[in-house]
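# Structural overview
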Amino acid sequence: MTSTYSPPPTISGPSGPRAGFWQRFAAAFIDGIIIGVVDVVLRLAIGTAGSLLGIVVGLAYFAYLEGGPSGQTLGKRALGIRVYDFTHGGPIGYGRGVGRYFARWLSAIPCFLGYFWMLWDKEKQCWHDKLVTDVVVPVSAYPVR
Amino acid sequence: MTGGSVEVEPRELRSVGAAMLGLAFLLPALPGHPGLPCPLRMLTGIPCPLCGMTTSVEDTVHGHVVGAAAANPAGIALTAVAVALLVTRPARLVLSRLALAAALAGMWAFELHRFGVV
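Predicted model, so just to flag it, every value in this text is computed and none were measured. (Residues numbered from 1 in each chain as written. Chains lettered and ligands numbered in written order. Predicted model: local features only at pLDDT ≥ 70, side-chain atom pairs only at ≥ 80, totals over all residues.)

## Comments concerning the overall build of chain B
Counting secondary structure elements, chain B contains 6 helices and 2 strands. Listing every helix and strand of chain B by position from the N terminus yields β-α-α-α-α-α-β-α. Taken over the C-alpha trace, chain B has a radius of gyration of 15 Å; the compact-globule value for 118 residues is 13 Å, and the two agree within 12%. Oriented by its inertia axes, the alpha-carbon framework of chain B measures out at about 40 × 35 × 25 Å. Out of the 118 residues belonging to chain B, those deemed buried represent 25%. (Helix = DSSP H or I, 4+ residues; strand = E, 2+ residues; numbered from the N terminus. Rg over C-alpha atoms; globule rule 2.2 N^0.38 Å. Buried ≥ 20, exposed ≤ 12 C-beta atoms within 10 Å, placed from the backbone.)

## Regarding the overall build of chain A
Each helix and strand counted, chain A has 6 helices and 2 strands in total. Sequence-ordered secondary structure for chain A, helices as α and strands as β, is α-α-α-β-α-α-α-β. The principal-axis extent of the C-alpha atoms belonging to chain A is close to 85 × 35 × 25 Å. Per-residue burial over chain A gives 32% buried out of 145 residues.

## Let's talk about the interface of chain A and chain B
With 15 residues of chain A at the contact, the number on the chain B side is 20 residues. Broken down by class, the residue content of the side of chain A that touches chain B amounts to 10 nonpolar, 4 polar and 1 charged. (Contact = placed C-beta atoms within 7 Å. Nonpolar A, V, L, I, M, F, W, Y, C, P; charged D, E, K, R; others polar.)

## Describing unusual backbone geometry
Excluding glycine, a negative phi dihedral is what most residues carry, and trans is how most peptide bonds are arranged. The backbone of Thr133(A) shows a phi angle near 55 degrees, a positive value even though the residue is not glycine. Residue placement: Thr133(A) occurs in the loop between α6 (127-132) and β2 (134-138).

## Re the packing of helix α1 (residues 10-26) of chain B against helix α5 (residues 74-88) of chain B
Residue and element names in this part refer to chain B. α5 packs onto α1 with a crossing angle of 125 degrees between their chain directions and a minimal axis gap of 9 Å. Regarding the angle of α1 to α5, the classification is oblique. With respect to the hand of their crossing, α1 and α5 are arranged in left-handed fashion. On α5, the residues that touch Pro10, Leu13, Arg14, Gly17, Ala18, Met20 and Leu21 of α1 are Ala82, Leu85 and Leu86. The class makeup of the residues in the contact of α1 with α5 is 8 nonpolar, 1 polar and 1 charged. (Axes fitted to C-alpha atoms, helices over the stretch in contact; angles between N-to-C directions. Parallel < 35°, antiparallel > 145°, perpendicular 65-115°, else oblique. Left-handed = near helix turned anticlockwise from the far one by under 90°.)

## Description of helix α4 (residues 94-108) of chain A
Within an α-helix, residues lying three or four positions from one another point in the same direction, as the helix has 3.6 residues per turn. All names here are of chain A. For α4, with 15 residues, the first-to-last C-alpha span of 22 Å sits near the 21 Å given by 1.5 Å per residue. Taken residue by residue, α4 has Arg96, Gly97, Arg100, Tyr101, Ala103, Arg104 and Ser107 as its buried positions. Of the surrounding secondary structure, the elements contacted by the buried residues of α4 are α2 (48-67), α5 (113-116), α6 and β2. (Expected span 1.5 Å × (residues − 1).)

## Quick word on the confidence of the model for chain B
Taken over all residues, the pLDDT of chain B has a mean of 94, while the share at 70 or more is 97%. Here strand β1 (residues 5-8) of chain B is the element of chain B with the lowest mean pLDDT, 90, and helix α4 (residues 65-71) of chain B is the one with the highest, 98. (pLDDT = per-residue confidence, 0-100.)

## Topic: the nonpolar core
Of all hydrophobic cores here, the largest spans 16 residues; its most connected members are Ala19(A), Ile81(A), Val83(A), Tyr84(A), Val135(A), Val136(A) and Val137(A). Mapped by element, the contributors of at least two residues to this core are α1 (21-46), β1 (81-85), α6 and β2 of chain A. With residues near it in sequence (within four places) discarded, Ile81(A) still touches Ala19(A), Gln23(A), Arg24(A), Ala27(A), Lys76(A), Val136(A), Val137(A), Pro138(A) and Val139(A). Ranked by size, the runner-up nonpolar core spans 13 residues in total, among them Leu50(B), Cys51(B), Val57(B) and Leu78(B). (Core = buried A, V, L, I, M, F, W, Y, C linked by C-beta atoms within 7 Å.)

## Section: the environment of His113(B)
All names here are of chain B. Of note, His113 is situated in helix α6 (residues 97-114). For His113, a count of 11 C-beta atoms within 10 Å gives the class exposed. Along the backbone, His113 and Gly32 are 81 residues apart, and their C-alpha atoms lie at a distance of 28 Å.

See below:
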């Protein structure tokens, strides 16, 4: 009796629960409003230097909160999602939080293609997730410890 | 992107498609007819694969197919896919990564030519 080897199918989805597009969109919208208001106030208060300071505030906000133990900005907390290390699990750390902030710019540059990428990516990763090797997951499946 | 296929959530893609169609109907009616300027083109003068898509999808849903094709032919295809997803409501959706990569490459080549870069 002979057996025929069939290669495994290459069709696959994510390796675990992932935050959906609209959850991430809503979280980014909330964070955008928060950072946007701070940016406007800084610009009105100190002019052009306020724009530069706005970038620093944005960097500090995202790097500190997404790199911290919870991996949650205020927007992500509101939506019950968090940034999670794809390789080892847990927080990504502040250094990668800084990297993720700048990688986000790369995702936005080609008409936000890097953000839309998660719609057809196997692990539902945007470009900035891939660049710092993270995933965005629901807290219900990956609770903050 | 490598070869193979990836299974995506049809419900999520359907909702994004519905939002896209809704915006395409709505945007021309808004004051100032807002669009989405391409950061890559603003920074470097080089268009990206998605340049012209807002115009193309807007023109398609308003029946201006020639204008849509001139801006980015992929907008016509994307509108058709969004409508098909809403009508057929498939339970499973499998996308070919190779086909997606080829589509993006084709779109970019078209836009680079349209803006006289190549």
